[in-house]
Structures are given as C-alpha cells and as structure tokens.
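Chain by chain, the residues:
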Amino acid sequence: MCVCVCAFERFDTRQVHLDFGTPLLVPNDTQQFLSDFPSSRFIECNIGRAQHFFQAYPPNLDGGGGAAFVVNATKVLRFGRSVLDELDIPFWISSGTCLGWFRQCSIIPHSKDVDFGIFIKDFNEDIVMHMLLKGFKLKHRFGKESDSLELSFVLDDIKLDFFFFYEEEGYMWNGGTQARTGKKFKYIFPKFSLCWTEFVGLRVRVPCQTQSYIEANYGLMWDTPVKQWDWKGSPPNVRENGKWDEAELSKVVQVY
C-alpha cells in the first residue's frame, strides 16, 4: 500500500458519528478540504543527500558574507511568501533557491538572490502594490503577461525574482530579457506538478518532480557547487528567443 504524506493549512473540524455511533472528526469546510487535497502531497528534503554534500563541500559561512546573506534571504523569502499568500497566489521556490533545498536542505550562501516560480495564469497586477507595501522596492519589470513576464524586487539588498511560467503542449517555460539589448531568452522545463515541503522553517511549494526540474536548469552536475554563473549561457535549458520590438521596449523593459 502506498502512503502519501500530505500537508494542509490548519483547519477547523467538527465531530460526526458513523454507524454504531463511532465518532469521527471531519473538516468544517469539506469542499475546501477536497479542493486542496489533490495538491497536498508533502515531500521532505533529503537529509542524507545534504549530509553527503556538506561532507564533500564543508560550509564556510564566514567567508564572503554568506551567513548574513542566509539570514537576509530567509527574511526575504518569508516576506515574499506572506504577500503571495495574502493574494492567494500559489508559488514555488525555483532556480537557485530550489537547488539549495534539493541539494543541501538550506539556502546556498554564495547565491545572490531568492527565486520564486508562479504560473502565468495566477498573475495578479496587485502583486507590485502589495510588495511595495511590505517594504520591497521594484527593481525591474521585464516582458508582458502574454510573453516572458518577470518581476524583480529588492529588500535588505537581497533580490527576489518572480519568474512566470507558461505551459505548452509538451513542456513549460519561463522567459528572460537582457535589458541592454532587448534580447529574449526562454528556459525550457519538463512538465511538473507542485508539492509541499518545509524550507527554512516555512511551508512552501516545490516541483514534485524536483530532480528533473533541477537537471533541466543545472544539468547532471547539479551536486557540484558553481560560483560563476551566467544566466544567459550557463543553464542547459536556455534558448535564444528573438528580440523585443523597438516599439514596445519602453513597456517590456522597465528598470527602476
């Protein structure tokens, strides 16, 4: 028998009685519970994998401000999560943040930002206003809702990227834009669903098919630290995707 571990937000219950008077606690909001159930699967980070990684690459948090980055990045992740939860926008930890969870059960100290993935169907224009109210500053807005949308915010000198994902028949992708040239890039991922996990003390989502997601973005050597990374050339799943038209540059490349 396969046992699935599930995660739910805390919910109220009520007692009902089965045949022969047997008591049973059920959710007060049964419809909400049934709606949440298909996406409730919980997966843990692999502690054994993390221990093996740190044996091979002992952490050096004191060098290069790694300890301070981890503290501030955790705050940024927590604040960003609270905004999207308030707006009821599902998200998952993506890119280097997801790699840190999968490989070492922690934030990568030498990374430079925090990364969230969001399905474009869940985009809400209120995101920007609510992030500003939370203390973030808008760093840039690239693309548009129909193509390669990306938002970046800053809090405590830590950048938080929102990458919006588009679904095609056989794959998913998110876009990138080079502000200086207007060049567009596309990052291809195999299709995935979302699971819950715990990361830096927070309940967040990750792709259920995490390893294939990580391998798409970082290749088969994802378990080896890389400190020099070119977002336009290093990922094995990046593809050039044309260039924005001059007429729309002012709308699709906004740097603040």
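Attention in this report is confined to the structure presented alongside it. (Residues numbered from 1 in each chain as written. Predicted model: local features only at pLDDT ≥ 70, side-chain atom pairs only at ≥ 80, totals over all residues. Heavy atoms only, no water.)

## Observations concerning the pattern of salt bridges
Working step 1: Using the criterion set out here, one finds ten salt bridges in the structure.
Working step 2: Of the charged contacts in the structure, one is a salt bridge between arginine 81 and aspartate 85, with a shortest N-O distance of 3.8 Å. Highlighted residues: arginine 81 and aspartate 85, both in helix H3 (residues 66-86), separated by four residues, approximately one helical turn.
Working step 3: Residue aspartate 85 is classed as partly exposed on the basis of its relative accessible area of 37%.
Working step 4: The partner of glutamate 125 in a salt bridge is arginine 141, and the shortest N-O contact between them spans 3.1 Å. Of this pair, glutamate 125 sits in the loop between strand E4 (113-119) and helix H5 (126-133) while arginine 141 sits in strand E5 (residues 137-144), and the two are 16 residues apart along the sequence.
Working step 5: You can call glutamate 125 partly exposed: its relative accessible area is 46%.
Working step 6: It is possible to trace a salt-bridge network through shared partners that takes in Asp113, Lys159 and Asp161. (Salt bridge = Lys/Arg side-chain N within 4 Å of Asp/Glu carboxyl O. Helix = DSSP H or I, 4+ residues; strand = E, 2+ residues; numbered from the N terminus. Buried < 20%, exposed > 50% of the residue type's maximum accessible area, 1.4 Å probe, protein only.)

## Overview of the layout of surface pockets
Working step 1: Of the pockets and cavities examined, the largest pocket occupies roughly 1000 Å³.
Working step 2: Along its surface, the largest pocket is lined by 38 residues, and Asp113, Asp115, Tyr218, Trp229 and Trp231 are the ones closest to its centre.
Working step 3: Elements represented by at least two residues in the lining of the largest pocket include exactly helix H4 (95-104), E4, E5, strand E7 (158-167), strand E8 (172-177), strand E9 (183-189) and helix H6 (210-218).
Working step 4: When its residues are assigned to classes, the lining of the largest pocket shows 16 nonpolar, 14 polar and eight charged. (1 Å grid on protein atoms, 1.4 Å probe; cavity = no way out; pocket = protein on both sides within 12 Å on 5 of 7 lines; lining within 4 Å. Points joined across faces, edges and corners; volume = space filled by probe spheres on them. Nonpolar A, V, L, I, M, F, W, Y, C, P; charged D, E, K, R; others polar.)

## Some details on the environment of asparagine 217
Working step 1: Looking at where asparagine 217 falls in the secondary structure, it is placed in helix H6.
Working step 2: The class of asparagine 217 is buried, set by a relative accessible area of 7%.
Working step 3: Along the chain, asparagine 217 and phenylalanine 189 lie 28 residues apart, while their C-alpha atoms are 7.6 Å from each other.
Working step 4: Apart from the residues within four sequence positions on either side, asparagine 217 is in contact with Ser95, Phe189, Trp229, Pro235, Pro236 and Asn237. (Contact = heavy atoms within 4.5 Å.)

## Section: the environment of tryptophan 222
Working step 1: Mapped onto the secondary structure, tryptophan 222 falls in the loop between H6 and strand E12 (238-243).
Working step 2: With 123 residues separating them in the primary sequence, tryptophan 222 and leucine 99 have C-alpha atoms 7.9 Å apart.
Working step 3: Leave out the neighbours within four places in its chain, and tryptophan 222 touches Arg49, Leu99, Phe102, Arg103, Gln211, Ile214 and Glu215.

Keep in mind these values describe shape, not function.
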